[in-house]
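Here are the chains, one letter per residue:
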Amino acid sequence: MNNPTVIGVIMDPIEKINITKDSTWAMILAAQKRGWEVRYMQQADLFTSNGRVYAESRVVKLFPGKDRWLELSPPCTHELSQCDAVLMRKDPPFDMEYIYTTYKLELAEQRGTLIVNSPQSLRDCNEKFFTTWFPQCTPPTLVTRSAEQLRQFIVEHDDCIFKPLDGMGGASVFRVHGDDYNKGVIIETLTKHGTTSVMAQRFIPEISEGDKRILMVDGIAAPYALARIPAPGETRGNLAAGGSGKGVALSDRDYWISEQVGPMLKEKGILFAGLDVIGDYLTEINVTSPTCIRELDKQFNLDIAGDLMNAIELRLPA
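**Student:** Would you explain the pattern of salt bridges in this entry?
**Tutor:** When the charged atoms of two side chains lie near each other, side chains of opposite charge can form a pair. Considering all chains together, one arrives at 15 salt bridges under this definition. One salt bridge in this structure joins Glu37 and Arg39, with 3.1 Å as the shortest N-O distance. It is possible to trace a salt-bridge network through shared partners that takes in Asp211, Arg213, Arg228 and Asp276.

Written as structure tokens, this is what we have:
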């Protein structure tokens, strides 16, 4: 009898997840349905010794619809390369510990383990800066730490969005107008007095219709997106900032954007990504731990995590 496929999952504490919304929950369930063994671990459970990476992991089993929804085996220490694939699902912040984890994952990758997403691409593809590879898809965009250049951008476009390159969940995102008396302090705060680069984009009024999250599996877009609609008085659609989610079918423009980005995602080993699209424009490419699987699956009877497992299976040795 062949040994079962073993898939590792690196994530935040599993007992604290929201099982009604968590995309990693959906991925674990999809792997279970295939009869795969799923091993749960956190960043702190990884270590290297003599050029090899090890993990202290637990076999995880999920039980949807039951009060006791989680079962974990006793911990077991093993080479990470004993996993056929590993999902890197640790949420930001993208800090030095995160980068060190990608170094460890590369050691397992060298020994044949499929890492989703590619460790090098997790480091290379900053979720905001990566959009600059696709200027045909984005609104007018500037990345700089120069106060003078940011002020000129405001003069040129009047209504702008400024945001840190390392932010998440809509944190520290500012809308700035040409007549805003606070623009100087906003620039000073975001750039830390000219020592840190930030992104400026022309404001997109269609944010009122939602910031669409388009999920990409192996370079192909799911047919529906979750439009995250800002709360009254807000310009940010992020659910973490109080936005509400509404499922919508992809437009022709959405498909065009996904077709522009998809081949590069495949080239870079990014099997699962989330494109953020406002109106006709790409604003971010999420590669660390994109969410919204559960919401879209429920509204449209999709199986996005299952599609991801299919893509993983195609890349495993026969």
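**Student:** How should I be thinking about the sheet that holds strand 9 (residues 141-144) in this particular structure?
**Tutor:** Pairing between the strands of a sheet is mediated by backbone hydrogen bonds and can be parallel or antiparallel. An order of 9-12-10-11 is seen for the four strands of this open sheet, with the pairing classed as antiparallel. In this open sheet, the two strands that pair with only one neighbour each are strand 9 and strand 11 (174-177). Recorded for the sheet is a direction-independent mean angle of 25° between the axes of neighbouring strands. Where strand 10 (residues 159-164) lies against strand 12 (residues 198-202), five bridges are found, and the strand directions are antiparallel. Note that in strand 12 the partner of Pro164 across the bridge is Val198.

**Student:** Where do I start with a nonpolar patch on the surface in this structure?
**Tutor:** Together, Met96, Tyr100 and Tyr103 line one region of the surface with nonpolar side chains, adding up to about 310 Å² of accessible area. The topology assignment puts Tyr103 in helix 2 (residues 96-110). For Tyr103, a relative accessible area of 42% translates into the label partly exposed.

**Student:** I tried to follow the state of the cysteines on my own but got confused; where do I start?
**Tutor:** Linking two cysteines covalently through their sulfur atoms gives a disulfide. Under the criterion given, the structure shown has zero disulfides. The structure places no disulfide on Cys125, whose sulfur is separated from the nearest cysteine sulfur, that of Cys137, by 15 Å. Given the relative accessible area of 2%, Cys125 is considered buried. Owing to a relative accessible area of 0%, Cys137 belongs among the buried residues under this scheme.

**Student:** Honestly, helix 5 (residues 183-191) in this entry has me stumped. Any pointers?
**Tutor:** Each α-helix turn comprises 3.6 residues. Residues three or four places apart therefore point the same way. Taken as a whole, helix 5 has its buried residues at Lys183, Gly184, Ile186, Ile187, Leu190 and Thr191. All buried residues of helix 5 lie within an arc of 165° about the axis, which places them on one face of the element. Next to the buried residues of helix 5 lie helix 4 (147-157), strand 10, strand 11 and strand 12. Positive phi appears at Lys192, one or two residues downstream of helix 5, with a value of about 50°.

**Student:** When you look at the packing of aromatic side chains in this model, what are you seeing that I'm missing?
**Tutor:** Two aromatic rings are characterised by how far apart their centres lie and by the angle between their planes. For the coordinates displayed, the defined rule picks out seven aromatic pairs. When the ring of Phe94 is compared with that of Tyr98, the centres are 4.8 Å apart and the planes differ by 40°; the resulting orientation is tilted. The class for Phe94 is partly exposed, based on a relative accessible area of 36%. Residue classification places Tyr98 among the buried residues on the basis of a relative accessible area of 0%. Taking the centre distance of 5.8 Å and the plane angle of 75° together, the rings of Phe130 and Trp133 count as edge-to-face. Classification of Phe130 by relative accessible area gives buried; the value is 2%. An aromatic cluster of three or more residues is present, and its members are Phe130, Trp133 and Phe134. The ring of Phe203 carries Arg175 above its face, with NZ or CZ at 3.7 Å from the centroid.

**Student:** Please clarify how the pairing of strand 13 (residues 211-217) should be interpreted in this entry.
**Tutor:** If a strand is regular, its side chains alternate between the two faces of the sheet. Where burial is concerned, most of strand 13 is hidden: seven out of the seven residues are buried. By the alternation rule, side chains of strand 13 split into Asp211, Arg213, Leu215 and Val217 and Lys212, Ile214 and Met216, which are all buried. As paired elements, strand 13 and strand 17 (residues 272-278) share seven bridges and run antiparallel to each other. Bridged to Met216 within strand 17 is Ala273. Where strand 13 lies against strand 14 (residues 220-221), two bridges are found, and the strand directions are antiparallel. Pairing of Met216 across the sheet is with Ala221, part of strand 14. Counting the residues in the hairpin turn of strand 13 and strand 14 gives two residues, including Asp218, whose phi is positive at 55°.

**Student:** Can you walk me through unusual backbone geometry in this structure?
**Tutor:** With glycine set apart, most residues show a phi of negative sign, and most peptide bonds adopt trans. Pro93 follows Pro92 through a cis peptide bond whose omega is 25°. Relative to the helices and strands, Pro93 resides in the loop between strand 7 (85-88) and helix 2. The step from Val116 to Asn117 runs through a cis peptide bond, and the omega angle for that step is 0°. Within the element layout of this structure, Asn117 appears in the loop between strand 8 (114-116) and helix 3 (119-124). Positive phi, normally seen in glycine, also occurs at Asp158, with a value near 65°. The residue Asp158 is located in the loop between helix 4 and strand 10 in this model. Given the relative accessible area of 41%, Asp158 is considered partly exposed. Of note, the phi angle at Lys192 is positive, near 50°, even though the residue is not glycine.

Rules behind the numbers
- Residues numbered from 1 in each chain as written.
- Predicted model: local features only at pLDDT ≥ 70, side-chain atom pairs only at ≥ 80, totals over all residues.
- Heavy atoms only, no water.
- Salt bridge = Lys/Arg side-chain N within 4 Å of Asp/Glu carboxyl O.
- Pairing = 2+ DSSP bridges.
- Helix = DSSP H or I, 4+ residues; strand = E, 2+ residues; numbered from the N terminus.
- Axes fitted to C-alpha atoms, helices over the stretch in contact; angles between N-to-C directions.
- Patch = residues over 30% accessible without salt bridge, like charges linked within 9 Å, V, L, I, M, F, W, Y side chains within 5 Å.
- Areas by Shrake-Rupley, 256 points an atom, 1.4 Å probe, with all protein chains shown as cover.
- Buried < 20%, exposed > 50% of the residue type's maximum accessible area, 1.4 Å probe, protein only.
- Disulfide = S-S within 2.5 Å.
- Arc of directions from axis to C-beta.
- Contact = heavy atoms within 4.5 Å.
- Phe/Tyr/Trp six-rings, centres within 6.5 Å; stacked < 30°, edge-to-face > 60°.
- Lys NZ or Arg CZ within 6 Å of the ring centre and 35° of its normal.

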